[in-house]
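Each chain is listed here by its residues.
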Amino acid sequence: MTLPVFLVPALPPGPEAVLDGPEGRHAATVRRLRAGEELVLSDGTGAQVRCVVEEALKDALRLRLVERWVVPEPAVRVVVAQALVKGDRGELAVELATEAGVDGVVPWRAARCVAKWEDGPRGAKALERWRATAREAAKQARRARVPSVSEPVGTPALARLAGSATVALVLHESATATLRSAPLPDAGEVLLVVGPEGGVTDDELAVLTAAGAHPVRLGPTVLRASTAAAVALGALGVLTDRWA
């Protein structure tokens, strides 16, 4: 079994460290790690260090650092433009996409979104929930990198992102091309656009395709907005070298 991962703002520079705060409390009181057991500290940007527990304190662990490494970014990065989804299904979409390996998430204010994320405290709180979800899902999946969750964008800004990506793909049930036939790169960034439960409008699809995006479908069925990205990421992991 792989070692548990705990996120810290920066990796300790020396041979010894104390893991305290919320992560240390979780390690000591929830995971109940004890002397002699091992764990991994991660800064969430690829740098990691394997540690041995020297002593379990009340709400912290005293550690000995034994091995350092850096996990490089994949040659093909995948950023998901996820349309806002009502309730906790948006957080579910971020959680599943993170577990499936997404490198970044862009919240999209699509025309048919029921959730609006207006500017102000409520929108900021919703964005923070997505970011916290990505962080916790990355720990659960024992990832070296926590995916970024950017500020929400409208369709014009999303079209600009599509134009700057190596390849942009729009999941759409009426597309004739499949994900397998899409022009996937050997390196660069794939922008994967997932619409809301009501679907991507004709106008939105026209704007995105004019920016260079390719409409594609995953298969014969229609997936929920909260699960489509994770399924597509699994397919991209096999169709590219991301899972090699």
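This structure is a prediction, so every number in the text was calculated from the model and none was measured.

1. Here's the deal with the sheet that holds strand 9 (residues 167-171)
Stage number 1. Here six strands make up an open sheet; going across it, the order is 8-7-6-10-9-11 and the pairing parallel. At either end of the open sheet lies a strand with only one pairing partner, and these are strand 8 (148-149) and strand 11 (214-216).
Stage number 2. Against the sheet, helix 4 (residues 155-164) engages strand 6 (76-83), strand 7 (104-108), strand 9 and strand 10 (188-194), with an angle of about 150° to strand 10.
Stage number 3. In the packing of helix 6 (residues 228-239) onto the sheet, contacts are made with strand 6, strand 9 and strand 10, and the angle to strand 6 comes to roughly 165°.

2. A closer look at the side chain of glutamate 23
Stage number 1. Examined against the element boundaries, glutamate 23 turns out to sit in helix 1 (residues 21-30).
Stage number 2. Among the residues examined, glutamate 23 registers a relative accessible area of 10% and is labelled buried.
Stage number 3. In terms of polar contacts, glutamate 23 uses its side chain to reach the backbone amide nitrogen of leucine 7, at 2.7 Å.
Stage number 4. If sequence neighbours within four positions are ignored, glutamate 23 has contacts with Phe6, Leu7 and Lys139.

3. Concerning the sheet that holds strand 5 (residues 61-70)
Stage number 1. The strand order 1-3-4-5-2 describes an open sheet built from five strands, whose pairing is mixed. Each having just a single partner strand, strand 1 (5-7) and strand 2 (16-19) make up the two edges of the open sheet. Here the strands of the sheet are splayed against their neighbours by 40° on average, with no regard to which way each runs.
Stage number 2. Inspection of the sheet shows strand 3 (residues 38-42) paired to strand 4 (residues 47-56) by five bridges, in the antiparallel sense. Bridging across to strand 4, valine 40 finds its partner in arginine 50.
Stage number 3. Its contacts with the sheet place helix 1 against strand 1, strand 2 and strand 5, and it is angled at close to 155° to strand 1.

4. Some thoughts on the packing of helix 4 against helix 5 (residues 202-210)
Stage number 1. As a packed pair, helix 4 and helix 5 sit with axes 8 Å apart at the nearest point and diverge in direction by 30°. Relative to helix 5, the element helix 4 is oriented roughly parallel. As for how helix 4 packs across helix 5, the hand of that crossing is right-handed. Along its contact with helix 4, which presents Thr155, Leu158 and Ala159, the element helix 5 presents Glu204, Val207 and Leu208.
Stage number 2. Tallied by class, residues from the contact of helix 4 with helix 5 come to four nonpolar, one polar and one charged.

5. With respect to the UniProt feature "domain: Ribosomal RNA small subunit methyltransferase E PUA-like" (unreviewed entry) in the protein
Stage number 1. Residues annotated in UniProt with the feature "domain: Ribosomal RNA small subunit methyltransferase E PUA-like" (unreviewed entry) correspond here to residues 19-65.
Stage number 2. Between the first and last C-alpha atoms of residues 19-65 the distance is 11 Å; the span itself is 21% helix and 45% strand.

6. Some points on the domain arrangement of the protein
Where the parts come together, the accessible area they lose is often given as the size of the interface.
Stage number 1. Split by domain assignment, the protein resolves into domain 1 (5-70) and domain 2 (76-239).
Stage number 2. Between the C-alpha centres of domain 1 and domain 2 there is a distance of 33 Å.
Stage number 3. With nine residues of domain 1 at the interface, the matching set in domain 2 holds seven residues.
Stage number 4. Each partner contributes to the roughly 770 Å² buried at the junction of domain 1 and domain 2, and carbon and sulfur atoms together form 48% of this total.
Stage number 5. Its largest share of buried area at the contact with domain 2, domain 1 owes to Val5, Leu7 and Gly44, together 56% of the area lost on that side.
Stage number 6. Taken together, the connections running from domain 1 to domain 2 amount to one salt bridge.
Stage number 7. Its salt-bridge partner being lysine 139, residue glutamate 23 comes within 2.6 Å of it at the nearest N-O pair.
Stage number 8. Here domain 1 is connected to domain 2 by five residue pairs in polar contact (both at pLDDT 80 or more).
Stage number 9. Split into classes, the residues belonging to the side of domain 1 that touches domain 2 amount to two nonpolar, five polar and two charged.

Conventions adopted
Residues numbered from 1 in each chain as written. Predicted model: local features only at pLDDT ≥ 70, side-chain atom pairs only at ≥ 80, totals over all residues. Heavy atoms only, no water. Pairing = 2+ DSSP bridges. Helix = DSSP H or I, 4+ residues; strand = E, 2+ residues; numbered from the N terminus. Contact = heavy atoms within 4.5 Å. Axes fitted to C-alpha atoms, helices over the stretch in contact; angles between N-to-C directions. Buried < 20%, exposed > 50% of the residue type's maximum accessible area, 1.4 Å probe, protein only. Polar contact = N/O pair within 3.5 Å; in protein donor to acceptor, adjacent residues only side chain to side chain. Parallel < 35°, antiparallel > 145°, perpendicular 65-115°, else oblique. Left-handed = near helix turned anticlockwise from the far one by under 90°. Nonpolar A, V, L, I, M, F, W, Y, C, P; charged D, E, K, R; others polar. UniProt positions renumbered as here; feature names shortened; annotations may be inferred. Domains from an automatic or database assignment. Buried area = accessible area lost by both parts, 1.4 Å probe. Salt bridge = Lys/Arg side-chain N within 4 Å of Asp/Glu carboxyl O.

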